Amino acid sequence: MVYRMVYVSAATAPLDADALLALLTRAREKNQRLGISGLLLYRDGDFIQLLEGEREAVRGLFHTIERDPRHTRTLVLLEGEAEQRLFPDWSMGFRNLSDPAVRATPGFSHLMNTPSWPTAFQHDPDGCLALLALFQPPV
Ligand SMILES: Cc1cc2nc3c(=O)[nH]c(=O)nc-3n(C[C@H](O)[C@H](O)[C@H](O)COP(=O)(O)O)c2cc1C
């Protein structure tokens, strides 16, 4: 079993490529140490992130992330036990959805056409996981 959490948040200021890379480099090192994997999506100032790993590690990391001044309005969409990881090989996968090539991901437009897509998933955990699963690497 694995523990997973998905939350959305809003950047306090727009993050450019350098700022995102700095965030991710640090995050990947730490996640590797903590045995945490997952996926971070960014679009025009909105984040959605899946964290998966051992329960206490995931909750502890989320507590740290929640207090990060680079974002605000964190809202947990789902959390709980799952059978297996969605991204076992990714210490933190990342997609910038402002990129037109990423927008071309099959299923993307159907699920994410609305401006309020993060909160649209608040009462739709399955839809949320389906969205994240679109970004799983091919087996
Ligand atoms: C949207 C967002 C996602 C983040 N994701 C992670 C993450 O997956 N892992 C991580 O270690 N830090 C992540 N961070 C950074 C943490 O908030 C924190 O700065 C980092 O863990 C360093 O913590 P430390 O001071 O305990 O070393 C994220 C920050 C933001 C704003």
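For the structure itself, look to the data block above.
In this numbering scheme, every chain counts its residues from 1 along its sequence in written order. Selection of residues for local features in this predicted model requires a pLDDT of at least 70, selection of side-chain atom pairs for listing and counting requires 80 or more, and totals for whole chains, interfaces and linings are taken over all residues. Side-chain measures were taken over the full set of non-hydrogen atoms in the model, leaving aside hydrogen atoms and water.

Enquirer: What is the right way to read the packing of helix α1 (residues 17–34) against helix α2 (residues 55–66) from this model?
Expert: For any two helices packed against each other, one specifies the crossing angle of their axes together with the interaxial distance. Taken N-terminus to C-terminus, the directions of α1 and α2 make an angle of 155°; their axes are 11 Å apart at the nearest point. Relative to α2, the element α1 lies roughly antiparallel. Between α1 and α2 lies a crossing whose hand is right-handed. The residues of α2 that touch α1, namely those facing Lys30, Asn31 and Leu34, are Ala57, Leu61 and Thr64. Considering only residue class, the contact of α1 with α2 consists of three nonpolar, two polar and one charged. Geometry is summarised by axes, namely lines fitted to C-alpha atoms with helices restricted to the contacting stretch, and by angles between N-to-C directions that run from 0 to 180 degrees. In DSSP terms, a helix is any run of H or I states spanning at least four residues, a strand is any run of E spanning at least two, and both are numbered starting from the N terminus. Roughly parallel covers angles under 35 degrees, roughly antiparallel covers those over 145, roughly perpendicular covers 65 to 115, and oblique covers all other angles. In a left-handed crossing the near helix is turned counterclockwise from the far helix by less than a right angle, and in a right-handed crossing that turn is clockwise. By definition in these notes, contact holds between two residues if any of their heavy atoms fall within 4.5 Å. We call Asp, Glu, Lys and Arg charged. Ala, Val, Leu, Ile, Met, Phe, Trp, Tyr, Cys and Pro are nonpolar, and the rest, Gly among them, are polar.

Enquirer: How should I be thinking about the packing of aromatic side chains in this particular structure?
Expert: The description of an aromatic ring pair uses the distance of the two centres, along with the angle that the planes make with each other. In summary, the pairing rule links any two rings of Phe, Tyr or Trp, Trp by its six-membered ring, whose centres are within 6.5 Å, and it sorts them by plane angle into stacked for under 30 degrees, edge-to-face for over 60 and tilted for everything else. All chains considered together, the criterion is met by three aromatic pairs. With 4.9 Å between their ring centres and 50° between their planes, Tyr42 and Phe47 make a pair best called tilted. For the pair Tyr42 and Phe47, one class covers both residues: buried. The buried label goes to any residue with under 20% of its type's maximum accessible area, the exposed label to any with over 50%, and the partly exposed label to all in between, with areas taken from a 1.4 Å probe on protein chains only.

Enquirer: What is the right way to look at α2 in this model?
Expert: Helical geometry: 3.6 residues make up each α-helical turn, so side chains three or four residues apart lie on a common side. In a helix, the anticipated span is given by 1.5 Å times the number of residues less one. Here α2 contains twelve residues, and its C-alpha end-to-end distance of 16 Å stays within 8% of the 16 Å for a straight helix at 1.5 Å per residue. For α2, every residue scored as buried is listed here: Ala57, Val58, Leu61, Phe62 and Ile65. Buried residues of α2, viewed axially, fall in a sector of 130°; they line one side. Where α2 is buried, its residues touch β1 (2–11), α1, β3 (46–53) and β4 (71–82). Of all possible arcs, the one meant is that of the directions from the helix axis to the C-beta atoms.

Enquirer: Is there a simple way to think about the site of the ligand in this case?
Expert: Proximity is defined per residue: any heavy atom of the residue falling within 4 Å of a molecule or strand makes that residue near it. Lining the immediate environment of the ligand, one finds 16 residues, of which Arg26, Lys30, Asn31, Gln49 and Asp68 sit closest. Throughout this description, a polar contact denotes any pair of N or O atoms lying within 3.5 Å of each other; where both atoms belong to protein, one of them has to be capable of donating a hydrogen while the other can accept it, and for residues adjacent in sequence the pair is counted only when both atoms sit in side chains. Lys30 is positioned with one of its side-chain polar atoms (N or O) 2.8 Å from an oxygen atom of the ligand. Asp68 has a polar side-chain atom sitting 2.6 Å from an oxygen atom of the ligand. Starting from 620 Å² of accessible surface for the ligand in isolation, the protein chains cover 82%. Of all the secondary-structure elements, those providing two or more residues to the shell around the ligand are α1, β3 and α2. When residues in the shell around the ligand are grouped by element, the largest group, five residues, is from α1. Considered class by class, the residues forming the shell around the ligand number eight nonpolar, four polar and four charged. In short, Shrake-Rupley with a 1.4 Å probe defines the accessible areas, and a residue's cover is counted only from the protein chains shown.

Enquirer: Got a minute to help me understand the pattern of salt bridges in this structure?
Expert: Side chains carrying opposite charge are able to pair once their charged atoms draw close together. Salt bridges are counted wherever a side-chain nitrogen of Lys or Arg sits within 4 Å of a carboxyl oxygen of Asp or Glu. Applying the stated criterion across every chain yields a total of three salt bridges. Of the charged contacts, one joins Arg55 and Glu56 as a salt bridge, the two residues approaching to 3.3 Å between their closest N and O atoms. Taking relative accessible area as the criterion, Arg55 reaches 37% and is therefore assigned partly exposed. The closest approach of N and O atoms between Arg70 and Asp68, which form a salt bridge, is 2.7 Å.

Enquirer: I keep staring at unusual backbone geometry and nothing clicks. Help me out?
Expert: Note on backbone geometry: most residues besides glycine have negative phi, and most peptide bonds are trans. Of note, the phi angle at Asp44 is positive, near 45°, even though the residue is not glycine. Take Asp44: it is sitting in the loop between β2 (37–43) and β3. Take Asp44: its relative accessible area is 54%, and that puts it in the exposed class. Phi at Arg73 takes a positive value of approximately 55°, unusual for a residue other than glycine. Note on placement: Arg73 falls in strand β4. Using a relative accessible area of 63% as the deciding quantity, one classes Arg73 as exposed.

Shape descriptors only; they carry no functional weight alone.
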